[in-house]
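Take a look at the letters that make up each chain.
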Amino acid sequence: LMNRILGSGFTSRLFREVRSRQGLAYSVFGYFSAEYDHAGMFYVGCQTQSGTTVQAIQAMKTEVVKMTQAEVTVEELELARESFLNGFVFNFDSKGEIVNRLMTYSYYGYPLDFLEKAKQGIEKVTQADILRVAKKHLHPDQLQILTVGPAQDFAEELSKLGPVTEIDITIPGS
């Protein structure tokens, strides 16, 4: 739910702030890549014009920091919860998908009622829970930033964001 509020969909903070309000990106998102058997990685990203790269990154970082500093609004939480629960039905839209999901859960040692418990858990999440999880899992002071594009096209120096390691990805012979 934290990621839905921060960066998943048209109602997310990243979409509203970076794309809609500041007009810095066509696409902006947050994603938490948790796996069945290990913690995942959280990342945000966007597609922006080279000239607004630094500004877009700073705007995304600001939103990540905000998630760790204050509770989300009741409206944000309810919208994220409703979105998750309304999409929950798609976990069961074919017999093959149900069997595959159950086999996967069994393989990783999940209980047979995992989906029902997950649904019940989502229904109980509070604003304080979201803040606690954000503080635990989001580390804006440890960001690793990746930009792609010719350095001369960026309106501001990337070093404004921190130390820069340039990687040449030129295809030989091109």
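Higher on the page you've got the structure.
Residues numbered from 1 in each chain as written. Predicted model: local features only at pLDDT ≥ 70, side-chain atom pairs only at ≥ 80, totals over all residues. Heavy atoms only, no water.

1. Notes on the packing of helix α4 (residues 74–88) against helix α6 (residues 114–124)
As a packed pair, α4 and α6 sit with axes 10 Å apart at the nearest point and diverge in direction by 160°. Here α6 runs roughly antiparallel to α4, going by the angle between their axes. α6 is crossed by α4, and the crossing has left-handed handedness. The residues of α6 that touch α4, namely those facing Arg-81, Phe-84, Leu-85 and Phe-88, are Leu-115, Lys-119, Ile-122, Glu-123 and Lys-124. Grouping the amino acids of the contact of α4 with α6 by side-chain chemistry returns 5 nonpolar, no polar and 4 charged. (Axes fitted to C-alpha atoms, helices over the stretch in contact; angles between N-to-C directions. Helix = DSSP H or I, 4+ residues; strand = E, 2+ residues; numbered from the N terminus. Parallel < 35°, antiparallel > 145°, perpendicular 65-115°, else oblique. Left-handed = near helix turned anticlockwise from the far one by under 90°. Contact = heavy atoms within 4.5 Å. Nonpolar A, V, L, I, M, F, W, Y, C, P; charged D, E, K, R; others polar.)

2. Let's talk about the packing of aromatic side chains
Applying the stated criterion to the full structure yields 10 aromatic pairs. Relative to Phe-114, the ring of Tyr-105 lies with its centre 4.9 Å away and its plane at 65°, an arrangement referred to as edge-to-face. Among the aromatic residues, ring-to-ring pairing joins Tyr-36, Tyr-105, Tyr-107, Tyr-108, Tyr-110 and Phe-114 into one connected group. (Phe/Tyr/Trp six-rings, centres within 6.5 Å; stacked < 30°, edge-to-face > 60°.)

3. As for the nonpolar core
Within the largest apolar cluster, 25 residues are counted, with the highest numbers of intra-cluster contacts made by Leu-1, Leu-6, Val-18, Val-28, Met-67, Ile-130 and Leu-138. Within the residue set of this core, elements represented by two or more residues are α1 (2–7), α2 (13–21), α3 (53–67), α4 and α7 (127–137). With 6 residues, α3 is the largest single contributor of residues to this core. Discounting chain neighbours no more than four positions away, the residues touching Met-67 are Met-2, Ile-5, Leu-6, Arg-13, Val-72, Ile-130, Leu-131, Ala-134 and Leu-138. (Core = buried A, V, L, I, M, F, W, Y, C linked by side-chain atoms within 4.5 Å. Buried < 20%, exposed > 50% of the residue type's maximum accessible area, 1.4 Å probe, protein only.)

4. Considering the side chain of Arg-81
Looking at where Arg-81 falls in the secondary structure, it is placed in helix α4. Aside from chain neighbours lying at most four places away, what touches Arg-81 is Leu-1, Ile-122, Glu-123, Lys-124 and Val-125.

5. Examining the packing of α2 against α3
Each pair of packed helices can be described by the angle between their axes along with the distance between the axes. Here α2 crosses α3 at 150°, and the two axes come no closer than 10 Å. When the interaxial angle is binned, α2 and α3 end up roughly antiparallel. Between α2 and α3 lies a crossing of right-handed hand. Residues Arg-13, Leu-14, Glu-17 and Val-18 of α2 form the contact with α3, whose own contacting residues are Ala-59, Met-60, Glu-63, Lys-66 and Met-67. Across the contact of α2 with α3, the residue classes tally to 5 nonpolar, no polar and 4 charged.

6. As for the side chain of Glu-63
With respect to the helices and strands, the residue Glu-63 is situated in helix α3. Under the relative-accessibility criterion, Glu-63 is labelled buried at 5%. Among the polar contacts listed, one links the side chain of Glu-63 to the side chain of Lys-66, at a separation of 3.2 Å. With residues near it in sequence (within four places) discarded, Glu-63 still touches Leu-6, Arg-13, Leu-14 and Glu-17. (Polar contact = N/O pair within 3.5 Å; in protein donor to acceptor, adjacent residues only side chain to side chain.)

7. Here's the deal with the layout of surface pockets
Here the largest pocket defines a volume of roughly 1300 Å³. Lining the largest pocket are 30 residues, and of these Leu-1, Phe-32, Ala-34, Phe-84 and Ile-122 lie nearest its centre. For the lining of the largest pocket, the elements supplying multiple residues, two or more each, are α1, β1 (27–32), α4, α5 (95–107), α6 and α7. Along the lines of polarity and charge, the residues of the lining of the largest pocket split into 19 nonpolar, 6 polar and 5 charged. In this structure, the second largest pocket encloses a volume near 950 Å³. Lining of the second largest pocket is provided by 30 residues; of these, Ile-145, Thr-147, Leu-158, Val-164 and Thr-165 occupy positions nearest its centre. Of the residues belonging to the lining of the second largest pocket, the class tally is 14 nonpolar, 9 polar and 7 charged. (1 Å grid on protein atoms, 1.4 Å probe; cavity = no way out; pocket = protein on both sides within 12 Å on 5 of 7 lines; lining within 4 Å. Points joined across faces, edges and corners; volume = space filled by probe spheres on them.)

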